[in-house]
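Structural description and commentary
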Amino acid sequence: MSELLIEDRPAKSIVPAPAGNVKQKEFGNERKLMTAHTFTHLDALESESIHIMREVAAECKNPALLFSGGKDSIVMLRLAEKAFRPAKFPFPLVHIDTEHNFPEVIACRDKLAADLGERLIVRSLEDSIKRGTIIIKDLDKPRNPYQSVTLLETIAEFGFDACMGGARRDEEKARAKERIFSFRDEFGQWDPKNQRPELWDIYNTRVHNGENIRVFPISNWTEMDIWEYIGREKLHIPSIYFAHEREVIRRGGSVIPVSHLVQPKAGEKIEVVSVRFRTVGDMTCTAPVESTASNVDEIIEETATTRITERGATRMDDQTSDASMELRKKEGYF
Amino acid sequence: MDTMTQLLRFITAGSVDDGKSTLIGRLLHDSKSIFEDQFSAISKTSEKRGMAAVDLSLLTDGLQAEREQGITIDVAYRYFATPKRKFIIGDTPGHEQYTRNMVTAASTANLVVILIDARRGVLVQTRRHTYLASLVGVPHIVLAVNKMDMVDYSQARFDEIVTEYKKFAAQLDLHDITCIPLSALVGDMVVDRGESLDWYQGPTLMEKLESVEIDHDVNTTDFRYPVQWVCRPQTDEYHDFRGFMGRIEAGEISVGDEITVLPSGRTSKVKEIVTYDGNLQTAYAPQSVTLTLTDEIDISRGDMFVKADYLPTVAKEFGAMMCWFSETPLDKNRKYLVKHTTRTAKCLFSSVDYRVDVNTLEQHANPAVNMNDIVRVAMKVQQPLAFDHYTRNRASGSFIVIDEASNNTVAAGMIV
């Protein structure tokens with residue numbers, strides 16, 4: 001993607017057709033003036049995502065939108081606004097909080113939900129730990145593997161039959177194989193070998209009681225698309241996505257942010273480096289990249305020239321095995 | 001502003017022997033879309049398996065079972081971009097479930113690349129891939145005659161293959177076929193032209209992918225607007241607002257246009273085209289919008305707005321070509337569900353007329369319907385559907401069949 005050019009696009013890429021637009025009767029025979037309203041890739045992706053969200057609202061009895069305060073879920077919120085305004089969202093926002101989140105992300109989550117006037121449900125891993133359904137030996141270790149437990153408990157508590165998430169197929173190999181409407185059995189499990197065929201834009205949303213569908217409206221978006229869209233829509237995202245000075249330590253080839261959860265071990269030195277986060281997750285396993293990109297345009301430029309994938313650079317928990325994500329998904333992860 | 005990036009979806013059809021993985025790898029590699037950490041991961045795996053070179057097919061094998069068994073189970077989607085376009089590749093495996101996977105991936109594709117080994121020429125599988133592409137109505141075909149390096153870059157050999165292929169393709173409903181000689185291994189005519197195919201004047205594969213005209217892949221004339229969701233905010237500000245949300249599947253609509261609501265047949269006029277970014281004067285396929293009307297008429301999800309100048313058929317019976325996906329054969333005594341645009345209705349199969357042998361195109365009468373079979377059926381639905389012939393309008397001519405007991409998607413159909 002190193003040669004990707006970013007053009008200045010008009011804020012609205014759909015411009016009215018020229019006056020006196022010629023009507024044609026026979027489809028396919030004549031060429032019509034289409035250039036005036038050619039869809040850009042972002043328009044195409046946006047329209048697809050809106051269509052998917054509306055299908056969920058119309059066909060599922062009790063859907064929810066999983067919202068973390070990260071950039072992908074912030075894009076999801078804008079898409080939901082485009083899908084349902086001037087009405088309220090026909091579903092609540094749900095956050096499964098590991099309590100290992102960056103404070104800037106949580107602040108952004110709360111602000112966005114409040115600004116939108118939408119209902120936000122937060123359920124914490126701590127609740128599951130108190131209930132005894134999650135048993136963690138080391139409370140400071142990454143908690144992503146346990147998120148599935150609290151998510152499934154939350155699904156059961158509210159009786160959600162569909163959960164929309166901001167996962168993308170370009171993120172990870174197992175995700176690349178997952179359907180947009182991904183069926184989960186009553187244990188929340190994904191069976192990759194037994195997925196429903198998905199054709200055209202006709203989605204099968206049917207589940208039996210107790211079963212569940214995970215829906216990924218931005219499946220076809222790439223990291224670059226997300227950044228271009230954030231730029232085009234002028235979306236407010238947590239400050240840690242932009243370059244900032246941060247205390248870090250270097251461990252096993254990764255740059256790790258120092259926090260109350262991560263302190264230097266003997267022999268490790270704290271450095272202050274200009275970094276930004278490409279993904280924001282569990283503080284103990286989300287590594288920033290060294291960067292001086294301080295605005296969306298500069299991030300787009302860096303994204304266009306980077307030679308490392310998003311998760312490869314930033315998610316230590318996905319590097320433990322080729323199949324980490326697949327295994328987590330089989331257990332109910334989104 | 002006139003160089004806005006478009007999105008092109010394409011699939012590759014061919015077996016490993018034809019060099020499919022090598023071709024995809026070459027496209028990604030030469031367009032600099034393979035990341036270092038991906039490349040290092042598959043290099044390690046290739047080495048572990050004792051392979052001499054890096055196996056690029058590992059890039060798309062996402063599941064544990066696939067990596068363990070060295071097979072590909074399912075359709076994988078890959079993404080790359082050039083300065084001219086964004087691309088989504090649907091990579092379909094070539095094993096026994098081929099029909100199901102190819103039909104699935106082809107349903108959203110603008111273009112299919114059909115790979116041929118120049119030494120072997122047009123094979124049974126070439127015919128199968130081409131037939132399926134025409135059945136699903138993929139608008140553009142690229143015949144990639146690969147391994148030209150193995151036939152001394154012979155123009156005569158290329159011409160011979162093209163002649164044979166075009167003779168076969170003439171029997172099918174295909175309109176845009178481009179034949180390109182190339183070598184995925186060496187890299188000739190994939191992204192770069194190379195130096196060995198001077199006699200060929202046409203586009204490279206990448207040039208074709210970047211330039212193929214896709215604006216007309218959707219029907220731009222017959223307005224089709226299936227209502228997805230009725231928006232009633234019921235707030236003070238939007239007290240009387242009643243918006244009909246949906247995606248324009250074909251054609252265009254302007255404020256003031258008269259529309260007909262199907263199946264009821266009632267008419268009204270478009271009052272506003274509402275979007276989050278402001279109201280529009282005109283909107284086009286495939287935009288997702290919200291329409292308000294000048295009259296209060298009873299409209300709900302599953303209804304379709306059309307214009308009176310070209311009406312779809314509204315009926316409870318129709319014929320279709322159908323691809324059966326389920327391991328459980330079709331049971332003609334059972335009722336199924338059909339989902340067509342935004343309407344779901346009970347249906348039954350009044351007859352199964354014939355099965356098409358995808359290798360020979362021969363028709364076999366009164367068949368049983370098993371997984372991967374392509375059959376001609378006659379169907380009856382409980383409620384009327386507003387539909388078009390699939391070749392005229394993909395969106396209003398397609399449907400899926402759902403088994404109500406298992407909730408599985410058991411078939412996909414194209415109305416004829």
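Let us look at the structure shown here. (Residues numbered from 1 in each chain as written. Chains lettered and ligands numbered in written order. Predicted model: local features only at pLDDT ≥ 70, side-chain atom pairs only at ≥ 80, totals over all residues. Heavy atoms only, no water.)

1. Some details on the overall build of chain B
Convention followed: Helix and strand assignments follow DSSP, with helices taken as H or I runs no shorter than four residues and strands as E runs no shorter than two, numbered in order from the N terminus. Throughout, radius of gyration means the C-alpha value; the globule benchmark is 2.2 Å times the number of residues raised to the power 0.38. With a 1.4 Å probe rolled over the protein chains alone, any residue whose accessible area is under 20% of its type maximum counts as buried; one over 50% counts as exposed, and the rest are partly exposed. Contacts: residue pairs with any heavy atoms within 4.5 Å of one another. For the area figures, the Shrake-Rupley method with a 1.4 Å probe applies, and any residue is considered shielded solely by the protein chains shown. We treat Lys and Arg as the positive residues and Asp and Glu as the negative residues; His and chain ends play no part in the count. Charge positions are represented by NZ for Lys, CZ for Arg, CG for Asp and CD for Glu.
Helix and strand counts for chain B stand at seven helices and 21 strands. The C-alpha radius of gyration computed for chain B amounts to 24 Å, which stays within 12% of the reference 22 Å derived for 416 residues, consistent with globular compactness. Along the first, second and third principal axes, the C-alpha atoms of chain B reach 70 × 55 × 40 Å. In chain B, buried positions account for 61% of the 416 residues. Contacts in chain B between residues at least 24 apart in sequence constitute 68% of all its contacts with a sequence separation of at least 6. Element-wise, carbon and sulfur atoms account for 46% of the exposed surface of chain B, whose accessible area totals about 16200 Å². When the 44 basic and 56 acidic side-chain charges of chain B are each reduced to a single mean position, those positions are 4 Å apart.

2. Structural notes on the pairing of strand β21 (residues 409-415) of chain B
Residue and element names in this part refer to chain B. Stated precisely, the cut-off is as follows: Strand pairing is defined by DSSP finding a minimum of two bridges between the two strands.
The buried count for β21 comes to seven of seven residues, which makes it a mostly enclosed element. Pairing of strand β15 (residues 313-324) with β21 involves five bridges; the strand directions are antiparallel. For W324, the partnering residue across the bridge sits in β21 and is A411. Examined bridge by bridge, strand β20 (residues 398-402) and β21 share five bridges and lie antiparallel to one another. Counterpart to I402 in the pairing with β21 is T409.

3. Regarding the sheet that holds strand β13 (residues 288-293) of chain B
All names here are of chain B. Stated formally: Helix axes are fitted only over the stretch in contact, all axes being lines through C-alpha atoms; the angle between N-to-C directions runs from 0 to 180 degrees.
Spatial ordering of the closed barrel is given by β7-β8-β13-β11-β10-β14, a layout of six strands whose pairing is antiparallel. Across the sheet, the mean angle from the axis of one strand to that of its neighbour is 45 degrees, orientation sign disregarded. Across four bridges, strand β11 (residues 266-274) lies against β13 in antiparallel orientation. In the sheet register, V274 faces β13, and the bridge partner there is T290.

4. Quick notes on the pattern of salt bridges
All names here are of chain A. Inclusion rule: One side-chain nitrogen of Lys or Arg within 4 Å of one carboxyl oxygen of Asp or Glu is enough to make a salt bridge.
The final tally for this structure, using the stated rule, is 44 salt bridges over all chains. Across the pair E46 and R232 runs a salt bridge, and its minimum N-O distance is 3.4 Å. Placement of the pair is E46 in helix α1 (residues 41-59) and R232 in helix α6 (residues 223-233), with a sequence separation of 186 residues. For E46, a relative accessible area of 10% corresponds to the buried category.

5. Comments concerning the nonpolar core
Keep this limit in mind: To form a nonpolar core, buried Ala, Val, Leu, Ile, Met, Phe, Trp, Tyr and Cys residues must be joined to one another through side-chain atoms within 4.5 Å.
Judged by nonpolar contacts, the single largest core of 144 residues is most densely connected at L65 of chain A together with F10 and Y131 of chain B. Sequence-distant contacts of Y131 of chain B, that is, excluding residues within four places in its chain, are made with L172, M321, V356, V358, L361 and I374 of chain B. Formed by 24 residues, the second largest nonpolar core is a distinct cluster that contains F318, F387, F399 and V410 of chain B.

6. As for the environment of R131 of chain A
Applied cut-off: Polar contact criterion, stated in full: a pair of N or O atoms within 3.5 Å, where within protein one must be able to donate a hydrogen and the other to accept it, and residues adjacent in sequence count only if both atoms are side-chain atoms.
Looking at where R131 of chain A falls in the secondary structure, it is placed in helix α4 (residues 125-131). Of note is the side chain of R131 of chain A, whose polar atom sits 2.6 Å from the side chain of E153 of chain A.

7. Comments concerning the side chain of H129 of chain B
Summarising the element assignment, H129 of chain B is placed in helix α5 (residues 124-135). Sequence-distant contacts of H129 of chain B, defined by excluding residues within four places in its chain, comprise A13, G14, Y98, M102 and I114 of chain B.

8. A few points about the packing of α1 of chain A against α6 of chain A
Residues and elements named next belong to chain A. Our working rule: Roughly parallel means an angle under 35 degrees; roughly antiparallel, over 145; roughly perpendicular, 65 to 115; everything else is oblique. Gly falls in the polar group here, along with every residue not listed as nonpolar (Ala, Val, Leu, Ile, Met, Phe, Trp, Tyr, Cys, Pro) or charged (Asp, Glu, Lys, Arg).
Viewed as axis vectors pointing N to C, α1 and α6 meet at an angle of 95 degrees, and their least axial separation amounts to 11 Å. With respect to their mutual orientation, α1 and α6 come out roughly perpendicular. Between α1 and α6, the residues in contact are H41, L42, D43, L45 and E46 and D225, E228, Y229, R232 and E233, respectively. Across the contact of α1 with α6, the residue classes break down as three nonpolar, one polar and six charged.

9. Re the pairing of strand β9 (residues 271-276) of chain A
Residue and element names in this part refer to chain A. Pairing of strand β7 (residues 244-251) with β9, which is carried by five bridges, proceeds in the antiparallel orientation. By the bridge assignment, E245 is partnered in β9 with S274. Direction of pairing for β9 relative to strand β10 (residues 289-290): antiparallel, over a ladder of two bridges. Directly across from R276, in β10, lies its bridge partner V289.

10. What to know about the packing of aromatic side chains
What counts, and what does not: Working definition: rings of Phe, Tyr and Trp (its six-membered ring) pair if their centres are within 6.5 Å, and the pair is stacked with planes under 30 degrees apart, edge-to-face with planes over 60 apart, and tilted otherwise. For a lysine, the NZ atom is tested; for an arginine, the CZ atom; a charge sits over a ring if that atom is within 6 Å of the ring centre and within 35 degrees of the ring normal.
What the rule picks out here adds up to 22 aromatic pairs over all chains. On the numbers, 5.6 Å between centres and 35 degrees between planes, the contact of Y225 of chain B with F305 of chain B is tilted. A residue pair is termed long-range when its members are at least 10 positions apart, and Y225 of chain B in strand β7 (residues 224-231) and F305 of chain B in strand β14 (residues 304-306) qualify at 80 residues. The rings of F84, F89 and F91 of chain A together with W229 of chain B are connected pair by pair, giving a single aromatic cluster. Positioned above the aromatic ring of F168 of chain B, the side-chain terminus of R127 of chain B is 5.2 Å from the ring centre.

11. Remarks on the packing of helix α2 (residues 71-84) of chain A against helix α3 (residues 103-116) of chain A
Residues and elements named next belong to chain A. At their nearest, the axes of α2 and α3 sit 12 Å apart, and the two run at 5 degrees to each other. Here α2 lies roughly parallel to α3, going by the angle between them. For the pair α2 and α3, contact is made by I74, L77 and E81 and by C108, L112 and L116, respectively. Tallied by class, the residues present in the contact of α2 with α3 amount to five nonpolar, no polar and one charged.

12. Some words on the sheet that holds strand β3 (residues 120-124) of chain A
All names here are of chain A. As summarised here, the arrangement of the six strands in space is β3-β2-β1-β4-β6-β5, forming an open sheet in which the pairing is mixed. Looking at which strands have only one partner, the edges of the open sheet turn out to be β3 and β5 (181-184). Strand after strand, the sheet turns through a mean of 30 degrees between neighbouring axes, direction not considered. Pairing of β5 with strand β6 (residues 212-215), which is carried by four bridges, proceeds in the antiparallel orientation.

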